[in-house]
Every structure is written in C-alpha cells, then in structure tokens.
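Here's the letter readout for the chains.
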Amino acid sequence: MRTVFWDYETNETKMIDQRLLPETLAIAAYHRHADVATAIREMVVRGAPAIGAAAGFGMALAALESKAADAAGLRADLEAAAATLRVARPTAVNLAWALDRMLRAAGKVDGSADDLREAMLNEAQRIADEDVEINKRMAEHGAALIEDGDTIIHHCNTGALATVDWGTALGVIRTAYEQGKRIHVLVDETRPRLQGARLTAWELQQYGIPYEIISDNAAGYFLRSGQVQRVFFGADRVAANGDVANKIGTYMLSLAAHDNGVPAYSVVPTSTIDLSLAHGDEIPIEERTPDEVLGLHLLGRRVAPEGAGARNPAFDVTPNRLVTAIVTENGVVYPPFDVNLKKVVKS
Ligand code: MRU
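Residues numbered from 1 in each chain as written. Predicted model: local features only at pLDDT ≥ 70, side-chain atom pairs only at ≥ 80, totals over all residues. Heavy atoms only, no water.

1. Some remarks on the pairing of strand β5 (residues 184–188)
Thought 1: With respect to burial, β5 is a largely interior element, four of its five residues being buried.
Thought 2: Here strand β4 (residues 151–154) pairs with β5 via four bridges, running parallel. Across the sheet, residue His-154 finds its bridge partner in β5, namely Val-187.
Thought 3: For the handedness criterion, the β-α-β arrangement of β4, helix α6 (residues 169–178) and β5 is classed as right-handed.
Thought 4: In this sheet, strand β6 (residues 211–214) lies alongside β5 in parallel orientation, the contact comprising four bridges. (Buried < 20%, exposed > 50% of the residue type's maximum accessible area, 1.4 Å probe, protein only. Helix = DSSP H or I, 4+ residues; strand = E, 2+ residues; numbered from the N terminus. Pairing = 2+ DSSP bridges. Right-handed = clockwise from strand over helix to strand, strands pointing away.)

In structure tokens, the structure reads:
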C-alpha cells in the first residue's frame, strides 16, 4: 500500500495516518485541500517526499473544489490553494517543489477549466509515481555502499512511510538486504516524536531486517566502540554546498560518526536539493510545540513538571564536511558538493 494516494472512486486524497502507528494502521481521507494542509502540519503525513506528494494531490483537490467556470479563474484558485499548502511545514523543500511543479503544469494547459482539473490530477499522480521509481534508483546506487555484515545507524524514518513508497535511506538498506547482504540496523528512536522507534521499527519488522532500537543518546557509544560501519539518514533540504537539513539529532550523530571515522550518507531525491540556497544557514528550521518535548506527547502523557518550558527545533543542519556522500537517483555525489551537486540536479 502506498503512503499517500488518490482514490479514483471517491475523488479523495488518502494517506496512512502516521500518528497512530504502530498500534493502528488507519487511512485518513480528505476532499478539501485545506484539510490536506492541516494533515501535513499535524504530521498525519510526514517525511519530505511524502509531504510533496500529498501537496500535489491537495492541489488536485483544490481544482475539484473550485467553482471557477474558466481556466483563468481556476488558476487563481489554484494559486490561493498553493499558498495555503506552502506554509504547512517550512523545512522540507519538496513541499514548495511539488507546488511549483503543479502551478507550472497548470500554466501550460491551454483549454477549459475541466481540462485543467484533469491535468492537475494527472500531474499529482505523476509526482507520486515518479517518487517510487526515483526511490528504487537511489536504492540501487546507495546499496553499493553497504557491505555484507554491516551494522548501520539510521536516524528518523526515511522508509516507505516518508515517501510514496520504498523510501530514501531506509530504501537503500532494504535493497541491500534484498541483495542478500547481512545487515543489522541500530534504529535511533528519534525524540521527540519517535519516528524511529514507532515507524522505522514497524517497517523493518515487516521487511524482516534485523534491528534494535537505541536511544538517540547511545549513538556515540556504539560509534566509538567500533560497533557501527555506516550511518544513513535522509534530508528535508540540501543546500547548494551540501549542508544537509534533517531531523533533529542528525548533526550530533554525524559529528560522532566523523570523530570515529565512520562514513555518514544522506540519501535524497534531487527534488530535496535546493540550489537556490548557498549554504545550510539559509534553510528555515521548523520549531514545533514545546508539548512534544515536555512529555510522551503521542501518548498524551506529561513528564516535565507543570510550568516547565521547552525548545523544540524539528530539524538541524549538518555541515557538508561531516557528510561523506549524498546519494541521489542520478548517482552518488562526493565532495566538493558545491561543484558536484549541480551535475546531478536537472534544471
Ligand atoms: O518531521 P518529519 O518526520 O517529517 O521528518 C522527516 C525527516 O527528517 C526525514 O529524515 C526526511 O524527511 C527525509 S526522509 C525521506
């Protein structure tokens, strides 16, 4: 089953409600683009490529919602819908990338409002289908970096759930495992929302890949004691110089990997590479509600004393010097990233 998809019988955008996993596998259905924006903000759907695909289908919904009788009127409604969706989450550039692609497609339609409605759904479906195909290509490139017998630390969730299907960094691990390589994954639990302990563990269990969950704080211990051969993570945005914005904790993990000579790989579709930003300090970092830090948020249970404050940046930036290589669907990119990333991004 895909993480995000269009139901052609009901004309709805559907997605796995990731807030409920691993206890419950439930599908949420939306017929209004504003509700898709809310679903992205509240992390019903999450992971940079999945957010992009959801936004594409959100635009297809907006086209159906619009009462515009002509294409010009519908285009204006689509611009407004894109503005609503664009601000749902700030760090994953795949959101803006998908919306810009949808608006470009809308601009090319020379026909009626209904032609435009059809074109919007077709383009959203193309974004979703391409995501799966791109992930499989990345996985082939990345799997070549994994050796038989490797123990790998993986951060956050970058699997099928973070994309339309298959995944980025976890897709690489899955492909290497299917190639017959014996792999063990140490799954960072990924505080505060526990994408590792809840979602990555759930996926690895289904694929039959051996894993153990570790607290994020334990990664340094395992790296320093020589028990880890490789570190893999995804990214929400990569700047032109190869600085990588990813789930909070990626920077500390990469520092510890670097200090111990363990290679750290970021796996991204080229839609996650933002050549318009010179370096990672320009990447907007989402700060979420303190409630996620003050307790076991998803269980609705508070841990900190009443009145305690908290800070909750959802992402951090790993400087390019700590990144061994960036795996894309067009090949593995090594430093100097400012020169080599340009070569894999289609203009
Ligand atoms: O806050 P989330 O769960 O949306 O964060 C997701 C990540 O940080 C992933 O590592 C990233 O989107 C890349 S996964 C394809």
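Picking up after the structure, the text goes on.
2. As for the layout of surface pockets
Thought 1: By volume, the largest pocket is sized at about 610 Å³.
Thought 2: For the largest pocket, the lining is made up of 23 residues, of which Trp-97, Arg-101, Arg-104, Thr-270 and Lys-346 are closest to its centre.
Thought 3: Within the residue set of the lining of the largest pocket, elements represented by two or more residues are α4 (93–108), α5 (113–143) and β11 (273–274).
Thought 4: Composition of the lining of the largest pocket by domain shows at least three residues from each of domain 1 (4–136) and domain 2 (140–344).
Thought 5: Roughly 400 Å³ of internal volume is contained in the second largest pocket.
Thought 6: Around the second largest pocket, the lining is made up of 19 residues, and of these Asp-216, Asn-217, Ile-248, Gly-249 and Met-252 lie nearest the centre.
Thought 7: Those elements giving two or more residues to the lining of the second largest pocket turn out to be α8 (219–224) and α9 (250–259).
Thought 8: By residue class, the composition of the lining of the second largest pocket is eight nonpolar, five polar and six charged. (1 Å grid on protein atoms, 1.4 Å probe; cavity = no way out; pocket = protein on both sides within 12 Å on 5 of 7 lines; lining within 4 Å. Points joined across faces, edges and corners; volume = space filled by probe spheres on them. Domains from an automatic or database assignment. Nonpolar A, V, L, I, M, F, W, Y, C, P; charged D, E, K, R; others polar.)

3. Let's talk about the domain arrangement of the chain
Thought 1: Domain annotation for the chain reports domain 1 (4–136) and domain 2 (140–344).
Thought 2: Taken over C-alpha atoms, the centre of domain 1 sits 25 Å from the centre of domain 2.
Thought 3: On the side of domain 2, 33 residues touch domain 1, which itself brings 29 residues to the contact.
Thought 4: Summing both partners gives a buried area of about 2,700 Å² for domain 1 against domain 2, and 57% of it is carried by carbon and sulfur.
Thought 5: On the surface where domain 1 and domain 2 come into contact, there are one salt bridge.
Thought 6: With its nearest N and O atoms 2.8 Å apart, the salt bridge here joins Glu-286 to Arg-89.
Thought 7: Summed over the shared surface of domain 1 and domain 2, the number is 18 residue pairs in polar contact (both at pLDDT 80 or more).
Thought 8: Going through the elements one at a time, α2 (48–65), α4 and α5 are the ones with two or more residues in the side of domain 1 that touches domain 2.
Thought 9: If you tally residues by element for the side of domain 1 that touches domain 2, the top one is α5, at six residues.
Thought 10: For the side of domain 1 that touches domain 2, the residue count by class is 17 nonpolar, five polar and seven charged. (Contact = heavy atoms within 4.5 Å. Buried area = accessible area lost by both parts, 1.4 Å probe. Salt bridge = Lys/Arg side-chain N within 4 Å of Asp/Glu carboxyl O. Polar contact = N/O pair within 3.5 Å; in protein donor to acceptor, adjacent residues only side chain to side chain.)

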